[in-house]
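# Residue-level structure breakdown
Here is how the chains run, residue by residue.
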Amino acid sequence: MAYRENDTSRPSIYFKALVTCSGELGPTMIISKNDLGETPVVSRNSTGDYQLETVAGLFDITTHVLVSLAIGATTPNIRASFADSDVISIKTCNVSDIATDLDGSFYLSIEV
């Protein structure tokens, strides 16, 4: 079911977490709010390429995603995007836009 901006019949669904990464090791996640109806999985695909994955198909083009680096994180840039109905893609890179692994944490907030 896709959410439409003027559709007030369905309340927003929220997910908030602190994701911690250490180089090539798989990321870990501390969830502070989860209205998704399932626990998503966070994983590392390759250097600087992470994803949050669900099986419920909850995400669409109206999904709001916010990522921000925690103090002490080693990479200067992070961005997130809607990949498909089950995946939020998260990329980390240096100032030259070259993919780099994150040593540290980032905050992830999603509103569906």
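The structure reproduced in this document is the subject of the present report. (Residues numbered from 1 in each chain as written. Predicted model: local features only at pLDDT ≥ 70, side-chain atom pairs only at ≥ 80, totals over all residues. Heavy atoms only, no water.)

### Considerations on the pairing of strand 1 (residues 14-22)
Remember that side chains alternate between the two faces of the sheet whenever the strand is regular. Every second residue of strand 1 is oriented toward a common face, the buried set being Phe15, Ala17, Val19 and Cys21 and the non-buried set Tyr14, Lys16, Leu18, Thr20 and Ser22. As paired strands, strand 1 and strand 8 (residues 103-111) are joined by 9 bridges and run antiparallel to one another. Bridging across to strand 8, valine 19 finds its partner in phenylalanine 106. Where strand 1 lies against strand 2 (residues 25-34), 7 bridges are found, and the strand directions are antiparallel. In the strand pairing of strand 2, lysine 16 is matched with lysine 33. Connecting the antiparallel pair strand 1 and strand 2 is a turn made up of 2 residues, with glycine 23 showing a positive phi of about 60°. (Buried < 20%, exposed > 50% of the residue type's maximum accessible area, 1.4 Å probe, protein only. Helix = DSSP H or I, 4+ residues; strand = E, 2+ residues; numbered from the N terminus. Pairing = 2+ DSSP bridges.)

### Some details on the sheet that holds strand 5 (residues 64-69)
Pairing is antiparallel across the open sheet formed by 4 strands, whose spatial order is 2-1-8-5. Of all the strands in the sheet, just strand 2 and strand 5 have a single pairing partner and so form its edges. Taken pair by pair, the neighbouring strands of this sheet meet at an average axis angle of 20°, ignoring direction. (Axes fitted to C-alpha atoms, helices over the stretch in contact; angles between N-to-C directions.)

### Side note on the nonpolar core
The nonpolar side chains of a soluble globular protein tend to be buried, and buried together. By size, the foremost hydrophobic cluster in this structure holds 20 residues, and its most contacted members are Phe15, Leu52, Phe59, Ile90, Phe106, Leu108 and Ile110. For this core, the elements supplying multiple residues, two or more each, are strand 1, strand 4 (49-53), strand 7 (87-93) and strand 8. For this core, the element with the highest residue contribution is strand 1, accounting for 4 residues. Ignoring sequence-local partners within four residues, the contact set of isoleucine 90 consists of Gly48, Asp49, Tyr50, Ile78, Arg79, Ala80, Phe106 and Leu108. (Core = buried A, V, L, I, M, F, W, Y, C linked by side-chain atoms within 4.5 Å. Contact = heavy atoms within 4.5 Å.)

### Overview of the environment of alanine 70
Take alanine 70: it is sitting in the loop between strand 5 and strand 6 (77-84). On the basis of relative accessible area, alanine 70 is assigned to the buried category, the value being 13%. Here the alpha-carbon distance between alanine 70 and threonine 28, two residues 42 residues apart in the chain, equals 14 Å. Setting aside its immediate chain neighbours within four residues, alanine 70 contacts Ser105, Phe106 and Tyr107.

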